[in-house]
Amino acid sequence: MAAINIWPLIALIITSALVPVLNQSTFITVDPYEVRNLALRFGKDIYEGSSESTCVRKITQNFKDMNAKVIWFDSNKMMEDMRNDVINTLNWKKQAVDRIANESQRLAANHTYDKNVLVEYLNMKRLYNEREGEPPSHHNEDQDVEWKAVKLSLHPNFETSNVNLDLSAVHVPINVYEKAPDILNDIKWSDALTPYFKNNLAFDPGLSWQFFGSSKGFLRLYPATQWKTDVDFLGWETPPPDLYDCRMRPWYIQGAASPKDIVILLDTSGSMTGLRNKIAKNVVSTILDTLTDDDYVAILKFSDNVTFINNCFDNLVLANEKNVRQLKDDVDKVRPTEVANFTSALMKAFDLLQVLNRTKMGCQCNQAIMLITDGAPLTFEVVFKTYNWPNIPVRVFTYLIGREVTDSQEVYWMACHNRGYYTHVANLAEVREQVQQYIPVMSRPIVLSGERIFSWTPVYAHVSEVPLSDWVWEEKEKQIKYKILQQQQQQQNKQEMVSDSQTKEDFEDSDLNNNKDIEEGSTETDGFLPIPTIIDNEDTPINTESEFPKKSTKPKRNLQLMTTLSTPVFDTRNYTNITRKILVKNVYQDSEPETIRIANLLGVAGVDVPIKEIVKLTPAFKLGVNGYSFMITNNGYLLYHPDLRPLYQEMLKPYYSSVDISEVELADTDSRSREMDENINEIRGNMINRTVGWKKVKVKIHLDSMKRVVTRVNHYIYGKIDFTPFSLAIVLPEPYGSYRVEGQIEVKVRREENFTHYFRENNWKVHPDWVYCESPHKMSAILPENAEEAITQFLKTVVNGHNFRWKTSSTRPQVYETISCDKYLTQSLVFDAKATDIDTSKCGTNSYSTKIEDQKLKMFGIVTTFVATRSGLTRFEDHRSKEEKKNNTFERPFFDQFTRATEELYYRRAVDFHAINDSAFVFSVPFDSHQMNRDEVLVTGSHAIFLGTGKSSAPVAVVGLQFKHSVFVERFLNITNKYSKSLCSSDEIDCYLLDNNAFIIYSKEFSHTGKFFGEIDNNILEKLVDKSIYRKVHMYDYQAICFKIITPPSPASILLTPFNHLKSLLLWTWSHILSLYINIWYNSWVISSQSDYDYGSDSDDYNDKSDNQPGNKSLPYPCDKEFDLYEIVSPLSEEPIQGDDNCGQNCGRQYTVQWIPYTNMIMVVIHKTCNCDPISTIKFELKEVVYNVSYSCHLLKTELPRKRPVSCHNYHPQEKEIKQCGKGSHLYPSFIFIYRSDL
């Protein structure tokens, strides 16, 4: 029988079976009104569950029943009140500094110099806390050092520092011999300042650190504390060498001398090679370190020709951090050549300074030329006669470089005949001491005038804060890579151990447990970064965090920021006697006493003002939700601002103290990078010119770690702060920012109402940073443990009939002997507590039993419900099961993390979205949800409660809840499957729920959850923009950090000669020592403080992931970045919107978009008629703005308008009587002793 071919029959049967399926797939259509129906049903379902569980209706009605009213308030008056409070507070600091300076002058004048004096004093670097029992572990390194035990304890005025309020302590820099008679004599008389420090603190209980910085180099600080350095950051066991010198700090330099225009002439002739070249460059770098934001500088290099060290800087430029950094980089590139032309160099310098005078540019005060050379052949007297004599408006300071020099008389002559100073810098160790010699000379006109001037510094950080320098980053990279290798080795060891264990019959459980411990231990960190994953990307540095990091349960470190007020302290003696050692017949003998004219600066007195103390004077509860304040300097730089971000991965950014207001206040325009909006420019100009005014501007503001954006109209009201270079502004959102909910319960002693009843349980918190009440025991540091305890103590005080006082504004510091409270804030808190004190089980349309209510909460997957109010109160209900609480299934509870009420993101977003839809809940999920366990992801929803009508309405509270994302998805799918079997279940249809900033709350693929929609389907996102569903908002970050990837040299480098090896070793050693000494430990000095604003790290704002290959290095540098954010367009359409996406030939997709009522979400349904492969995606990242050479040069040269300091002292007729101008070659510095006596 012939074989029968059955394959055609089988194919026919299969084809017949598939035809219905294919036909079903082919004819699937998306009905837009079916989508609208599903969105409406889901919106109602989620809204009803959310509103009932949060009791929003009941809470709203309570506020109305208690007669809470919406009132318009005068924002100009509020601004004036806040401005006066700031003026008064800063004036108290001024009085304290004035007293320190006056007493210092008196004590110094009355002191009798004793060359044999012996003084016992507290050295900050050699004292330890008596409560700790013993000195630090490294105290035995120097056997000659005596450590002293002092009782130290925490005090609220000094944040994290342990202090002793009865003592002051002294810091002596390493380059100053602490046993020298001059030093000991000044330490002795300055010890008598301690009682005056204490009196100042008693008069002004809010006073922070007080100090006197001596011109000799030591610092006397009150109260006594240990010298603080951050040795843990780089993992060092012992403190590094301490090179802090108060004379090099901005507060000292600004207090000692008026602003200055400096032209630095750097000799780059052929003789300036080797060590001389290094010394000269260090001298230039150190001079730049002594300049402040009020100074101007230019650097000219000269040999045969005279040229600017940077072609973009063709004139003097403001000595801000950006320009100084650029100049230092340029100095490093200088190479010596040819022969020096001094005549051309001096003429060019004088020409530059004269042009500045004629054009009214620069600082219009002191002018000086700094000549750095290894010798000059002539004095060039003709040049000085032509340009500088007889009035000598320009001082000349000369620095003779090198140990063996012959032409010293000429440069000595130049300085002495031009009101300057001559110094000889023989080696690198002398650089810092010799450079700062010019500062006392610059201060002579101020000393001779006797006028007390007061100077304020820009914002700056504690000396222990580590800067983001190249060396520090390199060390951290090494640590990270070492940990990677360590982890890999441990993983390998574990695998080998497990493999060996499989061959053993009696493998012990204890061995396995130990191995697990090793594995877990390998992921531990030192608190800086977790173990990284290196990804291949050439633009970004090593970063170990996920792309959208989970909110850390570790408390974020607040940066310690300060401004300092300082004033010069004068030596009131006009003359002094000196005795010289002279050489007579090869024997050194004392000369006859010689009386000389002096105008000596004793030092600078100052006080630190924590930025957070200024912020407290513009309290957030008065500014309202989304309102804020900021202050700028006379240069337009921020003193504080909510968007000031000084840190990158816990290191200080290079330009953090010179961030301009135009870099953080961004108008909602399509302008290019660095193009300032005319409205912001007007505000900036008026504030700098110290005028009072107001203006409304539409702005764009980034939120939520730079991933969300909101655009709104902000109302700016601003005015000057008298007797300072600062101006204050408050910013209120429109329109609700001009209205307030007025509702208070009168709190008074012996009132029948028991206020403690509203705070009876532990399910409430108050804003941790708002000052409701202050304890009279503040000065003794006996304080409540937290803000809640402080409220409870106050209410018990009232109930028990004890007295208290309401705070009032005053021109004098207020000292209370009883509890003092803010009346408006405290009475509003009691009012809000009563309004929100409700039974959550009776909030629905029907009253349910507790059991039924619990079932309902479980049905919606609700974990937490809460309400936060305008007074900083947060009430919460924890609905987790006992098992979930015990196992800590979720991250740290919401109510433990988010206690700042109106300042929390959920509160701010809900209030802003109210203008788009007043009935909506605002939902979101964590950005890193796709990296979490499905059961751990929570959806957060919040809804703003407004009182009033129309534009005359104001927010009073925000209710919210958190529920399980898995239950949220289940309810959505139940509704879609119930009313449309094929819509979101078909393989041909993709369903998404997007929030108002285009982040995915739901997708079929859980791996999409929390991601930016453009990363999944940018084609459709762009269509949504075209359809005006979303608006693309282009943003800039002018505080960004970028990275260069440095590839190590090839293996051929081993062929280097031994001499090159030796050279490389010496250069490596020197560069690391220099970077360690200068880049880290010479920061601006200030003692600990926290900021009310959260000055967080940029590693939390956005993530530069190091896609650096192992072996490569990355180099950080400041840069500008740009990025696009998305915002939903208002008003929201109630009708479905359809469109097509043609993604190829005869291929396309249809999409339907529907707003989900009562939410901030839209439903996106995409019908795939064919495979659009690949689908366009974009990565959510910030990209560096790359400027061309000409525009970069333009930005460097462009100076924004600024206002010069009012005070200027650059001349005094008696200065010509002073003959000291440095030590010439005829003197022998090692054998000069000066004995002083009063005349």
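Residues numbered from 1 in each chain as written. Predicted model: local features only at pLDDT ≥ 70, side-chain atom pairs only at ≥ 80, totals over all residues. Heavy atoms only, no water.

Remarks on the overall build of the chain
Scanning the chain from N- to C-terminus turns up 30 helices and 49 strands. Here the chain holds 1239 residues, and the buried ones make up 54% of them. Long-range contacts, defined here as pairs at least 24 residues apart, represent 78% of the contacts in the chain between residues at least 6 apart. A total of about 55,300 Å² of accessible surface is found on the chain, and carbon and sulfur atoms cover 50% of it. (Helix = DSSP H or I, 4+ residues; strand = E, 2+ residues; numbered from the N terminus. Buried < 20%, exposed > 50% of the residue type's maximum accessible area, 1.4 Å probe, protein only. Contact = heavy atoms within 4.5 Å. Areas by Shrake-Rupley, 256 points an atom, 1.4 Å probe, with all protein chains shown as cover.)

So, the confidence of the model for the chain
On average, residues of the chain carry a pLDDT of 84, and 82% of them reach 70 or more. When mean pLDDT is compared element by element in the chain, strand β31 (residues 727-733) scores highest at 98, while helix α17 (residues 509-521) scores lowest at 34. Below pLDDT 50 for its whole length, residues 12-26 participates in 1 contact with residues either more than four positions away or in separate chains. This model gives residues 1074-1092 a pLDDT under 50, and the stretch forms 90 contacts once residues within four places in sequence are excluded. (pLDDT = per-residue confidence, 0-100.)

Describing the packing of helix α4 (residues 75-110) against helix α6 (residues 194-203)
Look at α4 against α6: their axes get within 10 Å of each other, and the N-to-C directions meet at 160°. When the interaxial angle is binned, α4 and α6 end up roughly antiparallel. The two elements α4 and α6 cross, and the hand of that crossing is right-handed. Facing Q95, A96, R99, I100, E103 and R106 of α4, the residues of α6 in contact are Y196, F197, N200 and F203. Split into classes, the residues belonging to the contact of α4 with α6 amount to 5 nonpolar, 2 polar and 3 charged. (Axes fitted to C-alpha atoms, helices over the stretch in contact; angles between N-to-C directions. Parallel < 35°, antiparallel > 145°, perpendicular 65-115°, else oblique. Left-handed = near helix turned anticlockwise from the far one by under 90°. Nonpolar A, V, L, I, M, F, W, Y, C, P; charged D, E, K, R; others polar.)

Brief notes about the side chain of T398
Secondary-structure assignment places T398 in strand β15 (residues 394-401). A residue is classified by how much of its surface remains accessible, and T398, at 1% relative accessible area, is buried. Within the local environment of T398, its side chain forms a polar contact with the backbone oxygen of V411, the two atoms lying 3.0 Å apart. Not counting residues up to four positions away in its chain, the partners in contact with T398 are L371, V411, M414, A415, Y421, Y422 and T423. (Polar contact = N/O pair within 3.5 Å; in protein donor to acceptor, adjacent residues only side chain to side chain.)

A look at helix α10 (residues 342-359)
Under the 1.5 Å per step criterion, the end-to-end length of α10 is 26 Å for 18 residues, consistent within 8% with the ideal 26 Å. Buried positions along α10 lie against β10 (260-267), β11 (296-302), β12 (306-308), β14 (366-373), α11 (381-387) and β15. Where α10 begins, the capping side chain belongs to N341, and its oxygen is found 3.4 Å from the backbone nitrogen of T343. Taken from the residues just after α10, K360 is the one with a positive phi, measuring 60°. (Expected span 1.5 Å × (residues − 1).)

A look at the sheet that holds strand β34 (residues 773-774)
One open sheet accounts for 3 strands, arranged β34-β36-β35; its pairing is mixed. Here the strands that pair on one side only, and so sit at the sheet edges, are β34 and β35 (805-806). Sheet topology note: the β35/strand β36 (residues 820-821) ladder contains 2 bridges and is parallel. From the neighbouring strand, W806 faces β36, where its bridge partner is C821. (Pairing = 2+ DSSP bridges.)

Focus on unusual backbone geometry
Of note, the amide linkage connecting W389 to P390 takes the cis form, showing an omega dihedral of 5°. Along the chain, P390 falls in the loop between α11 and β15. Positive phi values are uncommon outside glycine, yet F380 reaches one of about 55°. By secondary structure assignment, the location of F380 is in the loop between β14 and α11. A positive phi is found at A901, a non-glycine position, where the angle reads about 50°. Assignment of secondary structure puts A901 in the loop between α25 (894-897) and α26 (905-913).

What about the packing of aromatic side chains?
All chains considered together, the criterion is met by 50 aromatic pairs. Plain terms: the ring middles of Y1036 and Y1038 are 5.8 Å apart, the flat faces sit at 10° to each other, and that makes the pair stacked. Judged by its relative accessible area of 10%, Y1036 is buried. An aromatic cluster of three or more residues is present, and its members are F42, Y47, F921, F923, F963, F968, F972, Y1002 and Y1158. (Phe/Tyr/Trp six-rings, centres within 6.5 Å; stacked < 30°, edge-to-face > 60°.)

Regarding the state of the cysteines
Tallying each qualifying case throughout the model produces 6 disulfides. Here C1042 connects covalently by a disulfide to C1119, the sulfurs 1.8 Å from one another. The chirality of the disulfide connecting C1042 with C1119 is right-handed, given an S-S dihedral of about 75°. Of this pair, C1042 sits in strand β44 (residues 1030-1046) while C1119 sits in strand β45 (residues 1113-1128), and the two are 77 residues apart along the sequence. Residue C1042 is classed as buried on the basis of its relative accessible area of 3%. In this structure C1119 comes out as buried when scored by relative accessible area, which is 9%. (Disulfide = S-S within 2.5 Å.)

Describing the environment of G1139
Counting through the fold element by element, G1139 comes out in strand β46 (residues 1137-1144). Sequence spacing of G1139 and Q1150 is 11 residues, and the spatial spacing of their C-alpha atoms is 5.8 Å. Apart from residues no more than four positions distant in its own chain, G1139 is found in contact with K1027, R1149, Q1150 and Y1151.

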